Structure formats: C-alpha cells, structure tokens
Amino acid sequence: MNRKPDHILVADDDPVVIKLIEQSLTASGCVVTSVDNGVSALSELVNNDVDVVVTDITMPSMNGLELIRSIKKLNLTVPILILTNDADFSTVMDGIKLGALDYIVKDQSAAERVVYAVAKALRYNQMVEANQELNHVLTQRNKELESMDRHNRRLLERFMLLNEDLSGKMDEASIELGQRLAEITALNEVAHAIGSVLELDQVLKMTMQKSKEVMKAEASSLILLDEDLKSLMFYVATGKYGEELAKLELEKNKGFAGWVTQHGKPLIIEDAYEDER
C-alpha cells in the first residue's frame, strides 16, 4: 500500500519565495498548498489535513504570529515552521514561545533548508503521535491492572475470612498472603508508574527492581538483542554488580540469555550456578 504524500501548507506573500519553496518540497515528494495570507492559511488548516505549516511573519490580513495564535487556540497539533529575515529574530522568538517548532532564515539556501526543516518537523510529529498512542495504551493497561487489583483484593478478603476456620494452617497461609500482597503492591506501583511516567527507561528500571524484591532475588536484568551488532546488551541491570553488567556486551548465542534468544522460549532455572548453559 502506497504511503500518502505529506501535505505542506506554505503561507508567504512573496511569490518568488513561494515558487522556490514549492519546487523544493515538491521535488522531495510532498504535496504543497500555497497561500499569501494568514486568513487563507487558517481556512486551509480547518478544512483539510495538513502535516506541516511553513509561514512567513509579515503578511496581509493576518500575520504569522496571529496565525500561530489562532492555530493554538483551535488546539491543532500541526508543527509550525517560521520563515524570517535576519532582522526579524526577536519576532521569531515570540513565535517560538507561541508554539512554533523552528525557523528558517530567508537567504539563498532557504528553499533547500526548508526541505530539511520539514523532514525534521514530520519526524517530530510522528514521535508526538506515537507518544500519544503509547499514553493511551498505558492508560488502558493501567485501568485493567487497577481492575485486577480490586478483584485480587476481594479474593484476598474472602481468603482471609475462610482462614479464620483454619487455624492450623494459619502460618502457611500468612506466608502466602504476604507474598501475594507484596506482588500486588509491586504491581500497583508499576501500574501507577506506567500511567504517570512518560520515560520508558524509568518504568522498566522500576519494573525490574520490583521483580527482584518480590522474588527475593540477588539481582534482576533486562537484556535486549541488538540486531545491528548481533549481540545482547544489558538494558536494565540491578543488584550488586548492576553497574558493571550495564557495560557488558554478550554474544548472541551464549549463556541463558543466548539460549532464550536462539530458541525463542522462556527459561526457568532452579540453580543458575549448577546449570551449564
């Protein structure tokens, strides 16, 4: 399936600038809509899907800063790039504060640099959309985990009531209950981290730390496969030797992690010191 070309809106009242930018962006595979004032630009944004806006500061009807304000008032998330002369630098800073992503100085290489700036803005927009989707998924998972937590707590309450008649097994039940509560507490903390922390590294580090605590393990680690280097890298490492492990690079088919990578199956080991893998 062919990818839809990126739609770029260019607003500038200088027909020479418009023509040069149109030629460069069209040559790079974009679809370009050009207007000579802010009012027309805003109308195009409201009525059509636009991936990036490139706007001049000085235009009739509605200038660039007014256009940016209007875009933000409408809660449109489209990236905005400013076209400017050297003398407009203070105005450019005003535009950045209003929400513009970057600026391009109008000089002999402006048309070429617009192509690179637009590509950068498109990548930025993709990252924003991916982050929004990830936040949505994490929010849904958090709700599911909270529902599981409530269900587990109800089960625990019933379990405790039943255990009132089983005094002979109280010690064993207390140990199991303590472990279960530790697991639920760790699960809760990880769930809240997922729902509130945008940085994936922090969530993964917290998850591995809580896993180590719940399992009463000496250490825990998350190892990822580097497809380019064909090797295994410690993405998260906890415990006494965590810092040293984080610097190591493992061969793809060696050790426990190598076995899992090679066979594509989970592996549970009772005694890591005795297992020859």
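My aim in this report is to walk through the structure given alongside it, one point at a time. (Residues numbered from 1 in each chain as written. Predicted model: local features only at pLDDT ≥ 70, side-chain atom pairs only at ≥ 80, totals over all residues. Heavy atoms only, no water.)

### Quick look at the packing of helix α2 (residues 38-47) against helix α3 (residues 64-73)
Thinking step 1. Running from N to C, α2 and α3 cross one another at 25°; their axes reach a closest spacing of 9 Å. Taken as axis vectors, α2 and α3 run roughly parallel relative to one another. Once α2 is placed against α3, the crossing between them reads as right-handed. Judged by residue contacts, Gly38, Ala41, Leu42 and Leu45 of α2 engage Leu67, Ser70 and Ile71 from α3. (Axes fitted to C-alpha atoms, helices over the stretch in contact; angles between N-to-C directions. Helix = DSSP H or I, 4+ residues; strand = E, 2+ residues; numbered from the N terminus. Parallel < 35°, antiparallel > 145°, perpendicular 65-115°, else oblique. Left-handed = near helix turned anticlockwise from the far one by under 90°. Contact = heavy atoms within 4.5 Å.)

### Points about unusual backbone geometry
Thinking step 1. Backbone geometry at Ser61 places phi at a positive 70°, although glycine is not the residue there.
Thinking step 2. With respect to the secondary-structure elements, Ser61 resides in the loop between β3 (52-56) and α3.
Thinking step 3. With a phi close to 60°, Asn75 is a non-glycine residue in the positive phi region.
Thinking step 4. Relative to the elements of secondary structure, Asn75 occurs in the loop between α3 and β4 (80-84).

### Things to note about the sheet that holds strand β1 (residues 7-11)
Thinking step 1. With parallel pairing, the five strands of this open sheet are ordered in space as β2-β1-β3-β4-β5. Whereas interior strands pair on both sides, the edge strands pair on one side only; in this sheet they are β2 (31-35) and β5 (102-105). Direction aside, the axes of adjacent strands within the sheet are offset by 20° on average.
Thinking step 2. Bridging between β1 and β2 involves five bridges; their strand directions are parallel. Across the sheet, residue Leu9 finds its bridge partner in β2, namely Thr33.
Thinking step 3. Packed on one face of the sheet, α3 meets β3 and β4 and runs near 175° to β4.
Thinking step 4. Across the sheet, helix α5 (residues 110-163) is in contact with β1, β3, β4 and β5; its angle to β5 comes to roughly 170°. (Pairing = 2+ DSSP bridges.)

None of this, on its own, says anything about what the molecule does.
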